[in-house]
Amino acid sequence: MTARTARVVLGVAGGIAAYKAAEVLRGLKGAGCDVVVVPTSAALRFVGSATWEALSGHPVSADVWTDAQDVPHVRLGQQADLVLVAPATADLLARAAQGMADDLLTNVLLTAHGPVVMAPAMHTEMWQHPATQRNVALLRERGVLVLDPAVGRLTGADVGPGRLPEPDQIVAAVLDLLRRPPSDDLAGLRIVVSAGGTRESWDPVRYVGNRSSGRQGVELARTAVSRGATVTLVAAAMDVAPPAGVRVVDVESAAQLHDAMTEAAQAHDVVVMAAAVADFRPRAADVKVKKEGDAGVDLHLEQTVDVLADLVRRREGDRPVIVGFAAETASGRDHLVELGRAKLARKGCDLLVVNDVGDDAVFGQPTNEVVILDAEGGQADIPRGSKAQVADAVWDAVVRLVKA
Ligand code: CTP
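Each value, and the rule that gives it
- Residues numbered from 1 in each chain as written.
- Predicted model: local features only at pLDDT ≥ 70, side-chain atom pairs only at ≥ 80, totals over all residues.
- Heavy atoms only, no water.
- Helix = DSSP H or I, 4+ residues; strand = E, 2+ residues; numbered from the N terminus.
- Buried < 20%, exposed > 50% of the residue type's maximum accessible area, 1.4 Å probe, protein only.
- Polar contact = N/O pair within 3.5 Å; in protein donor to acceptor, adjacent residues only side chain to side chain.
- Contact = heavy atoms within 4.5 Å.
- Expected span 1.5 Å × (residues − 1).
- Near = heavy atom within 4 Å.
- Areas by Shrake-Rupley, 256 points an atom, 1.4 Å probe, with all protein chains shown as cover.
- Domains from an automatic or database assignment.
- Buried area = accessible area lost by both parts, 1.4 Å probe.
- Salt bridge = Lys/Arg side-chain N within 4 Å of Asp/Glu carboxyl O.
- Core = buried A, V, L, I, M, F, W, Y, C linked by side-chain atoms within 4.5 Å.
- Pairing = 2+ DSSP bridges.
- Axes fitted to C-alpha atoms, helices over the stretch in contact; angles between N-to-C directions.

## Some points on the side chain of Asp-203
So, step 1. Along the polypeptide, Asp-203 turns up in the loop between strand 9 (200-201) and strand 10 (207-208).
So, step 2. On the basis of relative accessible area, Asp-203 is assigned to the buried category, the value being 2%.
So, step 3. Of note is the side chain of Asp-203, whose polar atom sits 2.8 Å from the backbone nitrogen of Val-205.
So, step 4. There is a polar contact of 2.5 Å between the side chain of Asp-203 and the side chain of Arg-206.
So, step 5. In contact with Asp-203, other than residues within four places in its own chain, are Ala-285, Val-287, Lys-288 and Val-289.

And the structure:
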């Protein structure tokens, strides 16, 4: 976040999801942002100005004529550090794409100096209509971060893509952009990130798993989207929701993750193996194993495929760029780097992000501290910070590698 209070304009377009914008507003205010709400007149039919004024602490208007002496249609856009529209309806996306200026919100969008984020919400047919898709493509070409809508229950009984992304995900995307200057240095890159921890069944009910939450992988995906990449997330049993704007492929076991990553590696420029993949799997029984007296059960564990090493082995030429993670328990920084170097040599990837996972310092925690090693002998020590900051440091290293 910037040192002074970040100023955000929250545009609210006229859709049923307008009520969820109140949650977004609370999230932004909770993170210390000063938020001015600019609804469209249609949005005010869903949620009235009193709500927005009370929650934001600022007067609200939808037209350019109120307080005209302050020239709000120019001032609001120019002064905002970021403009967010949530929900962005099909109509708002169309008007923004065409550069229309027929109400206060569209005026603000035309005078915005900072980044613009749109969180669409509409019926599936409207989202998938070629007109809307063309408008979204046009906005993205101009550098607007248009989040992909979530898939789920829509108004009525319909289910499909078109739901507003979860308010906390919208807030996270906004805070990411405010934290660092906007950059599209990953634009044009297709990136696949594996995240979470695999589960290996030993009968239809039980499994052997691990403690990875998926947080670091989710932050990698989220930050890559905000830096312009097209992102696929191969998600194994994550404790956290995937970020908005990524394609998600759900997997459970190491074998499924292996298949998904092998396929994805062919169509992506960068592969990041942030998932904690089981090294061993039990032989699975087809039926539930029953207790017999007080006897225990022996699980014979056999080794799984090393997905990272296999992706490196299959690669032809220098694409995709392959990034591995290393979970180590080291006695100190030098030992950590020594273990990391040995693992990097063993795996043969381009970059290795080394964590010390001892003392509960990583799994499920919001922060992390890593060393990024490259195959040429380079090393970057990333001090303890949020997992989003660590993710950005990984992308900085990827950008250096891709440019080289
Ligand atoms: N990895 C993988 N397939 C496995 C095990 C690990 O692709 N079967 C990947 C992880 O996603 C990570 C990297 O390999 O990017 C290193 O994982 P880590 O658990 O640190 O090391 P291991 O390979 O399991 O080696 P060891 O347990 O001996 O430290």
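## Quick word on helix 10 (residues 215-226)
So, step 1. Over its 12 residues, helix 10 extends 17 Å from the first C-alpha to the last, a length consistent with the 16 Å expected when each residue adds 1.5 Å.
So, step 2. When you tally the buried positions in helix 10, you get 11 out of 12 residues, the bulk of the element.
So, step 3. Taken as a whole, helix 10 has its buried residues at Gln-216, Gly-217, Val-218, Glu-219, Leu-220, Ala-221, Arg-222, Thr-223, Ala-224, Val-225 and Ser-226.
So, step 4. Directly after helix 10, the chain includes Gly-228, whose backbone phi takes a positive value near 100°.

## Describing the site of the ligand
So, step 1. Lining the immediate environment of the ligand, one finds 16 residues, of which Met-273, Ala-275, Leu-308, Lys-343 and Lys-347 sit closest.
So, step 2. For the ligand, a nitrogen atom lies 2.9 Å from a polar atom in the backbone of Val-305.
So, step 3. Within the complex, 78% of the 570 Å² of free accessible area of the ligand lies under protein.
So, step 4. Of all elements in the fold, only helix 12 (307-314), strand 16 (321-328) and helix 13 (333-347) reach the threshold of two or more residues within the shell around the ligand.
So, step 5. With 4 residues, strand 16 is the largest single contributor of residues to the shell around the ligand.

## So, the domain arrangement of the protein chain
So, step 1. Considered domain by domain, the protein chain is made up of domain 1 (3-179) and domain 2 (190-403).
So, step 2. On a C-alpha basis, the centroid separation for the pair domain 1 and domain 2 is 34 Å.
So, step 3. Contacts between the two partners involve 10 residues from domain 1 and, on the opposite side, 12 residues from domain 2.
So, step 4. Interface area for domain 1 against domain 2, summed over the two sides, is near 810 Å², with a carbon-plus-sulfur share of 55%.
So, step 5. The largest per-residue losses of area from domain 1 upon contact with domain 2 belong to Gln-169, Asp-176 and Arg-179, which jointly make up 56% of the total buried on that side.
So, step 6. Between the two partners, domain 1 and domain 2, sit 1 salt bridge.
So, step 7. With its nearest N and O atoms 3.3 Å apart, the salt bridge here joins Arg-179 to Asp-392.
So, step 8. Across the domain 1-domain 2 interface, the total number found is 2 residue pairs in polar contact (both at pLDDT 80 or more).
So, step 9. Looking at which element gives the most residues to the side of domain 1 that touches domain 2, the answer is helix 9 (residues 167-179), with 6 residues.

## Digging into the nonpolar core
So, step 1. In terms of nonpolar packing, the biggest core is built from 70 residues, with Leu-84 and Trp-395 touching the most fellow members.
So, step 2. Broken down by element, the residue count for this core peaks at 8 residues, all from helix 14 (residues 387-403).
So, step 3. Non-local contacts of Trp-395, meaning those with residues more than four positions away in its chain, are made with Leu-186, Ile-191, Val-193, Leu-220, Thr-223, Ala-224, Arg-227, Val-270 and Val-272.
So, step 4. Formed by 29 residues, the second largest nonpolar core is a distinct cluster that contains Val-251, Ile-322, Ala-326 and Val-337.

## Description of the sheet that holds strand 13 (residues 270-273)
So, step 1. Strand order across the open sheet formed by 8 strands is 12-11-8-13-16-17-18-19, with mixed pairing between neighbours. Only two strands of the sheet have a single neighbouring strand rather than two, namely strand 12 (247-251) and strand 19 (379-386). Between one strand and the next, the sheet's axes are offset by a mean angle of 20°, whatever the strand orientation.
So, step 2. Two strands pair when backbone bridges link them, and strand 13 and strand 16 are joined in this way by 4 bridges, in the parallel orientation. Each bridged residue has a counterpart across the sheet, and for Val-271 the counterpart in strand 16 is Ile-322.
So, step 3. Contacting strand 16, strand 17 (351-356), strand 18 (367-374) and strand 19, helix 13 crosses the sheet at an angle of about 50° to strand 18.

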